[in-house]
Amino acid sequence: MLGVRLPHVRNTFTKATSLLACGLLAGVVVAAAAFPVAALSGLAAKAGETTFASLPSELKDFSSPQVTRVYASDRRTLLTQFHDEFRNDVPLKDISKNVQTAIVAAEDRKFYEHNGVDLKGVARAFVSNSQSGSQQGASTLTMQYVRMALAYSATNPQEVVDATKDTPKRKITEMKYALQIEKQLSKEQILERYLNIAPFGNQAYGIYAASQVYFNKKPKDLDVAEAAMLAGMVKAPTSFNPTIPSGHQQIQDRRDNYIIPGMLAMGAITQADADKAKKEKIPTKVKPIGNGCVSVARNSWGFFCDYFYRWWMDQDAFGATTYDRERQLKSGGYNVITTIDVKGQNSARAEIADRQPDSSKNALLLAGVEPGSGKVRILATNRIYGLDDPDHPANKISPDPKLAAKKIRGSFPKTTNPLITGGADISGYQAGSVFKMFTMVAALERGIPLSYPINSPATFHSQYKTSPSDSSACPGSDDWCPSNASKSEAGVFNMWTGFGKSVNTYFVPLEQTVGAENVVDVAKRFGIHFRTSTDILQAKNAASWGAFTLGVMNSTPLEMANAYATLAGDGKYCEPTPIEQITTNNGQKIDVGKPHCTQATSKDVARAALDAARCPVGDSAQLGSCNGKTTAAATHGIIDHPVFGKTGTTDADKTASLIVGTTSLVVAGYMAVPDWQDHHDKMSHDVINGAVQYTLKDFMKGKPSVQFKQPTDDKVSVGDLRDVPDVTCDSIDTAQNKISDAGFDPVTGPSVDSDCPAGTAAGTSENRTIKGGAVSIEVSNGTKKDDNKNQPGQPDPGKSKPAGN
């Protein structure tokens, strides 16, 4: 009978009414399978000539949108959630019996009696609608589920319209599906699916969301009154919205006068239960539903959340387009454990707040990365994560004079710009001498050891070119002549002392020796990105980029924290990641976001470079000597763990930076003006240094003190040592010639007491050093040495290491 073609009836009302009346008057109880021909002729006619059997009966597979929850690394602290629809499916066993009976009382009291379609209900509704022109529903709970399922499984907008538009064809289709579903699923399974897909208004989809939004409860804890109210809202969530006066009264009437009496009539509750339920007040307010990074549980986590969101949107694993990826994030129901360390993050934000207000145009930008994994633990700044209200703006006028003239506001105190991580229109900031690390690594890779001595004058005449009008140009030419921060920074240095005191005129000639293009290549391997058109062009012509070693290109704190973490990770570069683990809504763990690492340089090179990098931050090198006060000497004492790192300052102090690391975490801090980098303020190392130092101190509190590893090959630190000629009492010219002929770079050094005639060579600073290295000739002042002192030309006990240590 299901295969019979229904006739096309022009007088729909007459034909359908006759068929229905005949069946009802005869008292025929029609089986569900025979139902369409006996009772739906009129509906079928309205739907057009078709066969009931030709309609589809199998619903497409679909997943209703689920909430993605994002947690901190402790796996407990909820950062935020992402959703298109606030929904979280729950099994029927976790849904109160009150809810189950209330929804049946509200929507389909014959739910447990029919096979998906209520024959009498459809007949009654059809006659009523045909006579009055009004629309009376006859959809069973199963048919309602079908309608919602068709909408969610739609693959294009028209299918959504077809699934929800009130037409006879849609009704017939729903019936066909409902009959089939009742054969495949139990009533409990249908009820569970219905409760998880139904809308409840105020951004709540499904019973879990509804119980949270309206009562801040789990579904299993809802009482009779609460269950009845929620069940009453499904029919028309907007009309029955309890948060507006008209809706509040309507849902009160529906709950007390229809649903609770229905539950009583069904025997699901007692009269006492009903009386008690009617006395409960209906809420007038709902729990706000957070969505996305602007709704993080703590505002200072917003910049990390933003980094996570941008990371997700770059992952091909979540879709071919950014639209697909965002849909996955907001409807996939993932459980995301991120890498953020809540304690460390909160400490960093507090240290920043103690030193710089949110309203300052000067930004303190801190990033913390775990060596060996690339896991991002900290992203903090003195900014409020959020958008400024255009109607009531709180942000100050931009410090950029061109923008200020147009009354354009800056990004402080409120912004969603990725100030710490880069992206969008944030290309980074010049960080200064922290880039010298890349030159050191390039030199070590080419066999130049840490002990390599270079005569470093106050100003160095390089082979690189610059504009003749540049302040660093050699007088009267376009040769580049960089100088040190202080004229006292002159003499013979090696990598320990040159890095510790940040001697420009040591690292520029070192870069010249190894080739600037090789230094740039190290930076690329260590994860530095070139974002501005100027930096991209310079990188293409890297061999002539002499100023690269002084940190003149833009970088971000996150990049540099991770670059230095590469040293602490034994030369292993790991792409920065905000992910510990991602789990799908069915409990499957996926590998996206897991550490992705490559060996950027050898272990010995990394360990050697790190040893020299202990000097700037007041720690003791294991392989050499830092020899005196360095740029951030207080750091080691504050953190009280083995540390390494580097300071950086740009011209006119427009940016100040400090990077400090242990075996557990590397923290990079910049102090800059993101809104106008050509500003006139002087960034203070007292401010940025303290923020970085105490952030790392707090993070390391209670953790064991772990020493850094040493290279397995001593040559990477001391190199291939050669004997320096004995020049005792030779004339300075003769001494210089001997040293030069032996393959070293002679340098006239300080005046010392000596038995040699005044003005002659008293000896050399070292007996052995590296071929090509600088050798300082000590000049006799003619004053005889004290017998207790070492003889001229003999190594001083404090100079047992190569020159300049």
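Residues numbered from 1 in each chain as written. Predicted model: local features only at pLDDT ≥ 70, side-chain atom pairs only at ≥ 80, totals over all residues. Heavy atoms only, no water.

J.: So what's going on with the packing of helix 12 (residues 245–265) against helix 13 (residues 271–279)? Residues and values would help.
T.: Where helix 12 meets helix 13, the axes come as close as 10 Å, and the angle between the chain directions of the two elements is 170°. The orientation of helix 12 relative to helix 13 falls into the category roughly antiparallel. You can see that helix 12 and helix 13 cross each other, and the crossing is right-handed. Across from Gln 252, Arg 255, Asp 256, Ile 260, Pro 261 and Leu 264 in helix 12, the residues of helix 13 making contact are Gln 271, Ala 274, Ala 277 and Lys 278. Of the residues belonging to the contact of helix 12 with helix 13, the class tally is 5 nonpolar, 2 polar and 3 charged. (Axes fitted to C-alpha atoms, helices over the stretch in contact; angles between N-to-C directions. Helix = DSSP H or I, 4+ residues; strand = E, 2+ residues; numbered from the N terminus. Parallel < 35°, antiparallel > 145°, perpendicular 65-115°, else oblique. Left-handed = near helix turned anticlockwise from the far one by under 90°. Contact = heavy atoms within 4.5 Å. Nonpolar A, V, L, I, M, F, W, Y, C, P; charged D, E, K, R; others polar.)

J.: How would you summarise the state of the cysteines if you had to cite specific residues and measurements?
T.: Inspection of every chain in the model, using the stated rule, returns 5 disulfides. The residue that forms a disulfide with Cys 574 is Cys 597, at a sulfur-sulfur distance of 2.1 Å. Looking down the S-S bond of the Cys 574 and Cys 597 bridge, the torsion is 105°, so its handedness is right-handed. Of this pair, Cys 574 sits in strand 14 (residues 572–574) while Cys 597 is found in strand 17 (residues 597–599), placing the two residues 23 residues apart along the sequence. Classification of Cys 574 by relative accessible area gives buried; the value is 2%. Here Cys 729 pairs with Cys 756 through a disulfide, and the sulfurs are 1.9 Å apart. Handedness of the Cys 729-Cys 756 disulfide follows from its S-S torsion of about -80°: it is left-handed. (Disulfide = S-S within 2.5 Å. Buried < 20%, exposed > 50% of the residue type's maximum accessible area, 1.4 Å probe, protein only.)

J.: Which residues make up the sheet that holds strand 19 (residues 656–661), and what values go with them?
T.: The antiparallel open sheet is built from 5 strands, whose spatial order is 7-6-20-19-18. The open sheet terminates on both sides in strands that have one partner only, identified here as strand 7 (376–381) and strand 18 (644–649). The average angle at which neighbouring strand axes cross in this sheet is 5°, direction not considered. With 5 bridges connecting them, strand 6 (residues 363–369) and strand 7 associate as antiparallel partners. Looking across to strand 7, one finds that Leu 366 is bridged to Ala 380. (Pairing = 2+ DSSP bridges.)

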